[in-house]
Amino acid sequence: MKFDPWAVKDVDNYSKLFKEFGIERFKYGEKFPDNRYFRRGIVFGHRDFGKIAQAIENKKPYIMITGLMPSGKMHFGHKMVADQMIWYQNHGANIYLCCANLEACLMRDIDAEEGKKLGIEEYLTNYLALGLTSKNLNFWFQTDYDMHYHQFRDKLAKRVTLNELKAVYGDLGPEKILSSLTQAADIIHGQLPEFSGKMPTVVPVGADQDPHIRLTRDIASRLRQWHDIELPGATFHRFMEGMQGGKMSSSDPKSYIALTEDSASARKKVMSARTGGRESLEQQKKLGGRPEECSVYQFYHYHLIDDDKELEEVRKQCKSGSLLCGECKKKCADLVVNFLEEHQKKRQKAKKEVKRII
Ligand code: TRP
Ligand code: SF4
């Protein structure tokens, strides 16, 4: 298996960074070649994924849990997690999907009801349009859920010290303490007898989320005295960069394309995206482009070109200088617009299903 060098650019750095914390290299791309993010090294690290791989292979039950803070538009950066979730659902997972509206309320001052509305209209509707179904799906709001979850969360206060929380979150206030305990409850509660019971659990997260995961695993290991549970595991993925370089962030509309974006605006964003092109046409023909620094290529790599050979062809043509950025951006814009038009039709259908789930 050959990895695209663009994808693995930072893995060595990450590995060095994480070695001391015991994150392992993710080597399941060959075992599960139908997962683009695994196959291309976008998911580069894990904790305890072996148990999940076994559960998938032996058709044994397991949990995939993730949560999203409802704070704005859902964009292509979020789609990566949604796609993974759908992959897990198609591979037998019990899906635990949380609308983190308490966290949004405490950390971003978004009213809990407003957060619910955003969570439904943005996230849940898009997830279903992308292919998530109600099969083995447990969707909840942090503010408003099963009593056992709330009781469990409250009891976690006794299983962690203030110093531990400070070590993870730095400056601490009551809002961060409550958010972090709630997140730990989100991840662990599915294994309680009132829910799915003991089983391996995976949380797909961005590379920067490991402190939460370690904290949650520490809490889980202390709980084992009272509860028969597995330590939750995780996979770590690389984030997409913003369309202008830098961070892709919900608070900067120029940095992302939303899944509800209209075609004209999406096309404009692609056509003005930061590329890995050279200063002049002449130079680009001579030196070739730099796909590893190009947000257009990144879109192909994460989302738009699923066929590895086709992607490799684009990369080669770019590097050889035979493909130029104008043409390449136009191709990308066409693919994005096509995708968005289809997706937005599917959103209309998804709305009925959303009502049923809620
Ligand atoms: N804190 C996450 C965010 O900022 C949201 C979240 C809440 C979450 N509970 C979770 C993520 C459980 C993973 C698992 O988006
Ligand atoms: Fe990026 Fe395409 Fe230009 Fe290469 S040719 S740098 S992939 S836009």
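Residues numbered from 1 in each chain as written. Chains lettered and ligands numbered in written order. Predicted model: local features only at pLDDT ≥ 70, side-chain atom pairs only at ≥ 80, totals over all residues. Heavy atoms only, no water.

Re the sheet that holds strand 6 (residues 201–206)
Right, on to step 1. Read from one edge of the open sheet, seven strands run 1-2-7-6-3-4-5, paired in mixed fashion. Lying at the two open borders of the sheet, with one neighbouring strand each, are strand 1 (24–25) and strand 5 (137–141).
Right, on to step 2. Pairing of strand 3 (residues 63–68) with strand 6 involves two bridges; the strand directions are parallel. Among the inter-strand pairings, Ile63 is bridged to a residue of strand 6, identified as Thr201. (Pairing = 2+ DSSP bridges. Helix = DSSP H or I, 4+ residues; strand = E, 2+ residues; numbered from the N terminus.)

Things to note about the pattern of salt bridges
Side-chain pairing between opposite charges can occur once the charged atoms of the two side chains come close.
Right, on to step 1. Per the stated rule, a full pass over the model turns up 27 salt bridges.
Right, on to step 2. Between Glu113 and Lys116 there is a salt bridge, and its shortest N-O distance comes to 3.7 Å. With Glu113 and Lys116 both in helix 7 (residues 112–130), this residue pair falls three residues apart, about one helical turn.
Right, on to step 3. For Lys116, a relative accessible area of 14% corresponds to the buried category. (Salt bridge = Lys/Arg side-chain N within 4 Å of Asp/Glu carboxyl O. Buried < 20%, exposed > 50% of the residue type's maximum accessible area, 1.4 Å probe, protein only.)

Regarding the site of ligand 1
Right, on to step 1. As a structural note, the neighbourhood of ligand 1 is formed by Gly67, Met69, Ala100, Glu103, Gln142, Gln183, Asp186, Ile187 and Val203.
Right, on to step 2. Asp186 has a polar side-chain atom sitting 2.7 Å from a nitrogen atom of ligand 1.
Right, on to step 3. For ligand 1, whose accessible area on its own is 360 Å², the fraction buried by protein is 85%.
Right, on to step 4. Ranked by the residues each element gives to the shell around ligand 1, the list is headed by helix 10 (residues 174–188), at three residues.
Right, on to step 5. Residues of the shell around ligand 1, tallied by class, amount to four nonpolar, three polar and two charged. (Near = heavy atom within 4 Å. Polar contact = N/O pair within 3.5 Å; in protein donor to acceptor, adjacent residues only side chain to side chain. Areas by Shrake-Rupley, 256 points an atom, 1.4 Å probe, with all protein chains shown as cover. Nonpolar A, V, L, I, M, F, W, Y, C, P; charged D, E, K, R; others polar.)

Considering the site of ligand 2
Right, on to step 1. Close to ligand 2 lie Thr275, Gly276, Gly277, Gln284, Cys294, Val296, Tyr297, Cys318, Leu323, Leu324, Cys325 and Cys328, which account for all nearby residues.
Right, on to step 2. Sorting the residues of the shell around ligand 2 by element identifies helix 14 (295–304) and helix 16 (325–357) as the ones contributing at least two each.
Right, on to step 3. Its residues assigned to classes, the shell around ligand 2 shows eight nonpolar, four polar and no charged.

What about the domain arrangement of the protein?
Right, on to step 1. Here the protein is described as being made up of domain 1 (15–237) and domain 2 (261–357).
Right, on to step 2. Distance from the C-alpha centre of domain 1 to the C-alpha centre of domain 2: 29 Å.
Right, on to step 3. Together, the buried faces of domain 1 and domain 2 total about 1900 Å²; carbon and sulfur atoms form 62% of this surface.
Right, on to step 4. The largest share of the area that domain 1 buries against domain 2 comes from Arg40, Phe76 and Ala129, three residues that together contribute 36% of it.
Right, on to step 5. Between domain 1 and domain 2 we count 16 residue pairs in polar contact (both at pLDDT 80 or more) in total.
Right, on to step 6. Mapped onto the side of domain 1 that touches domain 2, the elements with two or more residues apiece are helix 3 (36–39), helix 5 (76–90), helix 7 and strand 5.
Right, on to step 7. No other element matches the nine residues that helix 7 contributes to the side of domain 1 that touches domain 2. (Domains from an automatic or database assignment. Buried area = accessible area lost by both parts, 1.4 Å probe.)

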